[in-house]
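Descriptive analysis of the structure
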Amino acid sequence: MVDSLGQQHTIAHALRSATVALMRASTSPRLDAEVLLMHVAGISRAELLAHPERRLGPPQRRRLKTLIERRRRGEPVAYLRGTREFWSLELTVSHDTLIPRPETELLVEQALARIPEDSELTLFDIGTGCGAIALALAKERPRCRIIATDCSPSALRIARQNALTNGLEHVQLRAGEWFAPLAAEYAHLIVSNPPYVRCDDAHLRFGDVRFEPECALIAGPDGLDAIRHVTRYARQHLHRGGWLLLEHAYDQGLAVAQLMQRHGYRETKCYRDGAGLDRVSAGRVA
Ligand code: SAM
Ligand code: GLN
């Protein structure tokens, strides 16, 4: 006969009850429960699955309970565990940073397609948050000179930590509004995932975004305020033939192309993300 008292504090039991507890709050209750359990127990998924009979101590159970409660209130799993994977980098995130999205990897891919391996080009990442894009580029193109800016000093502190833990401390991180920290410096390629959500967008009231910094998400009534600024001023910091690459919302592709063309960018092109949605636009200065 199964001794239910004996099972109470096992990983298997914790996983079952955490999954049930998250059923209404999350669209991926089992996955969330696994991730939080791995986090509090300090174990990998392989260990979690291989040793369901292992027991959690009282501090681990208390910690799991608190995290499950926070998740039930909607807090993103990435904030609860304090990390998120992006481009094979393990990045620290906090309430001061946006949680890097998988679709932003498209921006990295399109940037890399324009930077030959072993090149020593200068790259700017504008609005770097936790450093995701700049650090992914630094990992793939170690000889490039990379400067990343953000107006949020607390986000930059996280980016600095991520640069250190990933051995990419040569990435320069500078605080200030958009291009202000770059004075009269020039890049061969500028990437940015700026805020692009409309201030009245209904999706701001649901899910993970409720917990993310507004200044990382919202960009005026049409969501294009930041993109307008970056498009206009980026060309003043681009070498001839240099590229601007921007992430934007699925319905902003046309507006971004028009903005780029108005500001004299050529070869404008829009790329679709894994969900088949317009997500990244590129333009080049003559
Ligand atoms: N690059 C990160 C990523 O892709 O995960 C974060 C992108 S988040 C959508 C936009 C970033 O732009 C935030 O980190 C925010 O602090 C920054 N930002 C917002 N307004 C800014 C401004 N006026 N000047 C510089 N950075 C700004
Ligand atoms: N993709 C994010 C969202 O829709 C927005 C990120 C951004 O504004 N750059 O929640």
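Reference entry: report on the structure contained in this document.

Cut-off values and rules
- Each residue is numbered by its place in its chain's sequence as written, counting from 1.
- As they are written, the chains are lettered A onward and the ligands numbered 1 onward, keeping that order.
- At least 70 in pLDDT is required for a residue's local features to be given in this predicted model, at least 80 for side-chain atom pairs to be given and counted, and no such filter applies to totals for whole chains, interfaces and linings, which use all residues.
- Side-chain metrics in this entry use all non-hydrogen atoms of the structure; hydrogen atoms and water are not considered.
- Each helix is a run of H or I in the DSSP string that is no shorter than four residues. Each strand is a run of E no shorter than two, and both are numbered from the N terminus.
- Any Lys or Arg side-chain nitrogen found within 4 Å of a carboxyl oxygen on Asp or Glu counts as a salt bridge.
- Each residue's exposure class comes from its accessible area (1.4 Å probe, protein chains only) as a fraction of the maximum for that residue type: buried when under 20%, exposed when over 50%, partly exposed otherwise.
- Angles shown run from 0 to 180 degrees and are taken between the N-to-C directions of axes, each axis being a line fitted to C-alpha atoms and, for helices, limited to the stretch in contact.
- An angle counts as roughly parallel when it lies under 35 degrees, as roughly antiparallel when it exceeds 145, as roughly perpendicular when it falls between 65 and 115, and as oblique in every other case.
- Here a crossing is taken to be left-handed if its near helix is turned anticlockwise relative to the far helix by less than a right angle, and right-handed if that turn runs clockwise.
- Contacts: residue pairs with any heavy atoms within 4.5 Å of one another.
- For this scheme, ten residues count as nonpolar: Ala, Val, Leu, Ile, Met, Phe, Trp, Tyr, Cys and Pro. Four count as charged, namely Asp, Glu, Lys and Arg, and the remainder, Gly too, count as polar.
- In this text, near means that some heavy atom of the residue lies within 4 Å of the molecule or strand in question.
- We call two N or O atoms a polar contact when they sit within 3.5 Å, provided that within protein one can donate a hydrogen and the other can accept it, with sequence-adjacent residues counted only if both atoms are side-chain atoms.
- Residue exposure ignores everything except the shown protein chains as possible cover, and the areas themselves are Shrake-Rupley values with a 1.4 Å probe.
- Lining residues are defined by having an atom within 4 Å of a point belonging to a cavity or pocket. Those points lie on a 1 Å grid over the protein atoms alone, cavities being sets where a 1.4 Å probe fits but cannot get out and pockets being open sets with protein on both sides within 12 Å along at least five of seven lines.
- What decides whether a molecule sits in a cavity or pocket is whether more than half of its atoms lie within 2 Å of the grid points.
- Two strands are counted as paired when DSSP detects at least two bridges linking them.
- Grid points are joined across faces, edges and corners, and a volume is the space filled by probe spheres set on the points.

Turning our eyes to something else, we now look at unusual backbone geometry. A positive phi angle is found at serine 88, which is not glycine, with a value near 65°. As for its placement among the helices and strands, serine 88 is situated in the loop between strand 1 (83-86) and strand 2 (89-92).

Inspection of every chain in the model, using the stated rule, returns 17 salt bridges. Between glutamate 34 and arginine 30 there is a salt bridge, with the nearest N and O atoms lying 3.0 Å from each other. Here the residue glutamate 34 and the residue arginine 30 both occupy positions in helix 3 (residues 29-41), the gap between them amounting to four residues, near one helical turn. Here arginine 174 makes a salt bridge to glutamate 185, at a shortest N to O gap of 2.7 Å. Of this pair, arginine 174 sits in strand 5 (residues 172-175) while glutamate 185 is found in the loop between strand 5 and strand 6 (187-192), placing the two residues eleven residues apart along the sequence. For arginine 174, a relative accessible area of 19% corresponds to the buried category. A single salt-bridge network, built from bridges that share partners, covers Arg30, Glu34 and Arg45.

Let us look at the packing of helix 11 (residues 225-234) against helix 12 (residues 253-262). Where helix 11 contacts helix 12, the two axes come as close as 9 Å, and the packing angle between them is 30°. Between helix 11 and helix 12, the angle falls in the class roughly parallel. Between helix 11 and helix 12 lies a crossing of right-handed hand. In this structure, helix 11 uses Ile227, Arg228 and Thr231 to contact helix 12, whose residues at the interface are Val256, Leu259 and Met260. Residues of the contact of helix 11 with helix 12, tallied by class, amount to four nonpolar, one polar and one charged.

The local shell around ligand 1 holds 18 residues, among which Asp150, Glu177, Trp178, Asn193 and Ala216 are the closest. Within the backbone of threonine 128, a nitrogen or oxygen atom sits 3.3 Å from a nitrogen atom of ligand 1. The contact in question runs from a nitrogen atom of ligand 1 to an N or O atom on the backbone of cysteine 151, over 3.3 Å. Expressed as a share of its isolated accessible area of 600 Å², the protein-covered part of ligand 1 is 95%. The pocket occupied by ligand 1, as judged from atoms lying within 2 Å of grid points, is the largest pocket. Grouping the amino acids of the shell around ligand 1 by side-chain chemistry returns nine nonpolar, seven polar and two charged.

Okay, the site of ligand 2 next. In the neighbourhood of ligand 2, the contacting residues comprise Arg101, Asn193, Pro194, Pro195, Tyr196, Val197, His203, Val209, Ala216 and Leu217. The side chain of asparagine 193 places a nitrogen or oxygen atom 2.8 Å from a nitrogen atom of ligand 2. Tyrosine 196 places a main-chain nitrogen or oxygen 3.0 Å from an oxygen atom of ligand 2. Under a 2 Å grid-point criterion requiring more than half of the atoms, the pocket assigned to ligand 2 is the largest pocket. When the residues that make up the shell around ligand 2 are grouped by side-chain class, the tally is seven nonpolar, two polar and one charged.

Right, let's talk about the environment of leucine 80 for a bit. Relative to the helices and strands, leucine 80 is located in helix 6 (residues 77-81). Classification of leucine 80 as buried rests on a relative accessible area of 5%. For the pair leucine 80 and threonine 66, spaced 14 residues apart in sequence, the C-alpha separation works out to 9.8 Å. Among residues more than four places away in sequence, those in contact with leucine 80 are Leu36, His39, Leu67, Arg70, Arg71 and Glu75.

Okay, the pairing of strand 8 (residues 265-272) next. Pairing geometry for strand 8 and strand 9 (residues 278-285), over six bridges, is antiparallel. Its bridge partner being in strand 9, tyrosine 265 is matched across the sheet by valine 285. Here strand 8 hands over to strand 9 after five residues, with glycine 276 in that stretch at a positive phi of 80°.

Attention now goes to the layout of surface pockets. As a volume, the largest pocket reaches approximately 790 Å³. Forming the walls of the largest pocket are 46 residues, and the residues nearest its centre are Leu98, Asn193, Pro194, Pro195 and Ala216. Contributions of two or more residues to the lining of the largest pocket are made by helix 8 (132-140), helix 10 (214-217) and helix 11. For the lining of the largest pocket, a count of residues per class yields 24 nonpolar, ten polar and twelve charged. There is about 310 Å³ of room inside the second largest pocket. As for the second largest pocket, its lining consists of 14 residues, and the residues nearest its centre are Ala14, Ser17, Arg61, Leu64 and Lys65. Counting residues per element, the ones that place at least two in the lining of the second largest pocket are helix 2 (11-21) and helix 5 (58-72). In terms of residue count, helix 5 provides more of the lining of the second largest pocket than any other element does, six residues in total.

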